[in-house]
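What the coordinates show
Chain by chain, the residues:
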Amino acid sequence: MNDRKHPILYIVIPCYNEQEVLPITAPMFLQKLSDLAAAGKVSPESRVLFVNDGSKDKTWQIICQLAKSDPHYIGICQSRNRGHQNAVLAGLMEAKDRCDITISIDCDGQDDINAMDAMVDAYRDGCEVVYGVRSSRATDTFFKRFTAESFYKLLNAMGAEVVFNHADYRLLSARVLKEFANFKEVNLFLRGMVPLVGFKSTSVAYERHERIAGESHYPLSKMLGLAFDGITSLSVKPIRLITGFGCVVALVSFIGVIWAIVQAFLGHTVSGWASTTSIICFVSGVQLICLGVIGEYIGKIYMETKARPRYIISERTWETDKDKEGS
Ligand code: UDP
Ligand code: MG
């Protein structure tokens, strides 16, 4: 481990069927790494770590060739395709004991690698988490921009707090990664989980470009799937909405019962109508409230099963001085 001013950086790059783009972008990442090292901002022991996410094309062969051509390139290969989030996690966990900081970034050249300078600067100034935030979506189509921005709004409205316009381009310190390793859940939504770890954080704005080559693996259906995963793995708000809905239905039913009785007294009804209507209204209201109450307990059980850390200590008075000496 190095001191805070010359950290060992691992750039973690998930790759799935990226044989077209990898030969173009890999040298760009290496160049960035040597520029940062030449500027004295990171250690020369830094690495570009590729995670092959069970690609069916020549991606892994390309990564192996890169690793042979330069010791700064290293790679790991997942036994099968597990999806972007798992690939990023695999890379971060592999890196956490070998480096001081990681920056996760897609391999398609969409995220501006020049934002890494500002990210590393923020770490050297004391931040443990630096979120890359898209400053504009000028290169996205209207449809992509609309769906992507609705995605963030929906997530926040449903109780999954995420940084607006931040995807998975971020710097994490080894310290944060060690705490993050205690989040054992299997349904991953990294951008919602990182804020749960806490620590000093900031954001860096960058421009999102078009993909250099190849095709996106995130069509609308996958994006909706990711939003659904994000909401259900971070929030029990949908269950609360059912309880709320149950209360509204119960209230309306209560008014319905009174209305049915009044109608019966006024003689506007056939016999048996008022009692049947009252029972239906009453029972449906009671049922929804009961579902909501059961749901509350299921929500609690759900959160318990994740066994997330209950607290994370960021500083101790008797350690702070020692840390300062080290940096
Ligand atoms: N990716 C992955 N596993 C998958 C799908 C995607 O590792 O199952 C990687 C992909 O190689 C890329 C990143 O995740 O580096 C983002 O994917 P993509 O560019 O296709 O998504 P988009 O930028 O269009 O949202
Ligand atoms: Mg992309």
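Residues numbered from 1 in each chain as written. Chains lettered and ligands numbered in written order. Predicted model: local features only at pLDDT ≥ 70, side-chain atom pairs only at ≥ 80, totals over all residues. Heavy atoms only, no water.

**Structural notes on the site of ligand 1**
Note the threshold: Throughout, the term near means that a residue has one or more heavy atoms lying within 4 Å of the molecule or strand in question. As used in this structure description, the phrase polar contact means that two N or O atoms lie within 3.5 Å; if the pair is within protein, one of them must be able to donate a hydrogen and the other to accept it, and residues adjacent in sequence are counted only when both atoms belong to side chains. Note on areas: Shrake-Rupley, 1.4 Å probe, and residue coverage restricted to the protein chains presented here. Working definition: helices are DSSP H or I runs of at least four residues, strands are E runs of at least two. Numbering for both runs from the N terminus.
Within the structure, ligand 1 sits among 19 residues, and Glu18, Asp53, Asp108, Ser216 and His217 are positioned closest to it. Side-chain polar atom of Asn81 to an oxygen atom of ligand 1: 3.2 Å apart, as the coordinates give it. One nitrogen or oxygen atom from the side chain of Arg211 is found 2.9 Å from an oxygen atom belonging to ligand 1. Protein coverage of the free-state accessible area of ligand 1, which is 530 Å², stands at 95%. Listing elements by their share of the shell around ligand 1, those giving two or more residues are β1 (9-15) and α3 (84-95).

**Considerations on the coordination of the magnesium ion (ligand 2)**
Selection criterion: Each metal's donors are the N, O and S atoms found within 2.8 Å of it, except that Na, K and Ca use a 3.2 Å limit; water is left out, so coordination can look incomplete. Burial classification: accessible surface area is computed with a 1.4 Å probe over protein chains only, and a residue below 20% of its type maximum counts as buried, one above 50% as exposed, and the rest as partly exposed.
Asp108 (OD) and Gln110 (OE1) make up the full set of protein donors to the magnesium ion (ligand 2), lying at 1.9 Å. Summarising the burial analysis for this pair, Asp108 and Gln110 share the class buried.

**Focus on the side chain of Ser46**
Filter applied, for reference: The contact criterion used throughout is that any non-hydrogen atoms of two residues lie within 4.5 Å.
Along the chain, the position of Ser46 falls in the loop between α1 (22-38) and β2 (47-52). Here Leu9 takes part through its backbone nitrogen, which lies 2.9 Å from a polar atom of the side chain of Ser46. Not counting the four nearest positions on each side in its chain, Ser46 is found in contact with Pro7, Ile8, Leu9, Leu33 and His72.

**Quick look at the pattern of salt bridges**
Our working rule: By salt bridge we mean one thing: a side-chain nitrogen of Lys or Arg within 4 Å of a carboxyl oxygen of Asp or Glu.
Enumeration over the complete set of coordinates arrives at 14 salt bridges. When the shortest N-O distance is used, the salt bridge between Lys32 and Asp117 registers 2.6 Å. You can see Lys32 sitting in helix α1 and its partner Asp117 sitting in helix α4 (residues 115-124), a full 85 residues away along the chain. Note on Lys32: relative accessible area 8%, which makes it buried. Looking at Asp117, the relative accessible area reads 23%, which means it is partly exposed. Between Arg211 and Asp108 there is a salt bridge; the shortest N-O distance is 3.4 Å.

**Thoughts on the packing of aromatic side chains**
Put simply, the rule is: Here a Phe, Tyr or Trp ring, Trp counted by its six-membered ring, pairs with any other such ring whose centre lies within 6.5 Å, and the pair is stacked when the planes are under 30 degrees apart, edge-to-face when over 60, and tilted otherwise. Lysine NZ or arginine CZ positioned within 6 Å of the ring centre and within 35 degrees of the ring normal marks a charge as sitting over the ring.
Tallied over the entire structure, the rule returns 5 aromatic pairs. With a centroid separation of 5.6 Å and 65° between ring planes, the pair formed by Tyr152 and Phe164 is classed as edge-to-face. Remark: Phe164 occurs in the loop between α5 (142-157) and β6 (166-173) and Tyr152 occurs in helix α5; sequence separation between them is 12 residues. Members of the aromatic cluster, each reached through a chain of ring pairs, are Phe151, Tyr152 and Phe164. Its end group placed over the ring of Tyr123, Arg4 keeps NZ or CZ at 4.1 Å from the ring centre.

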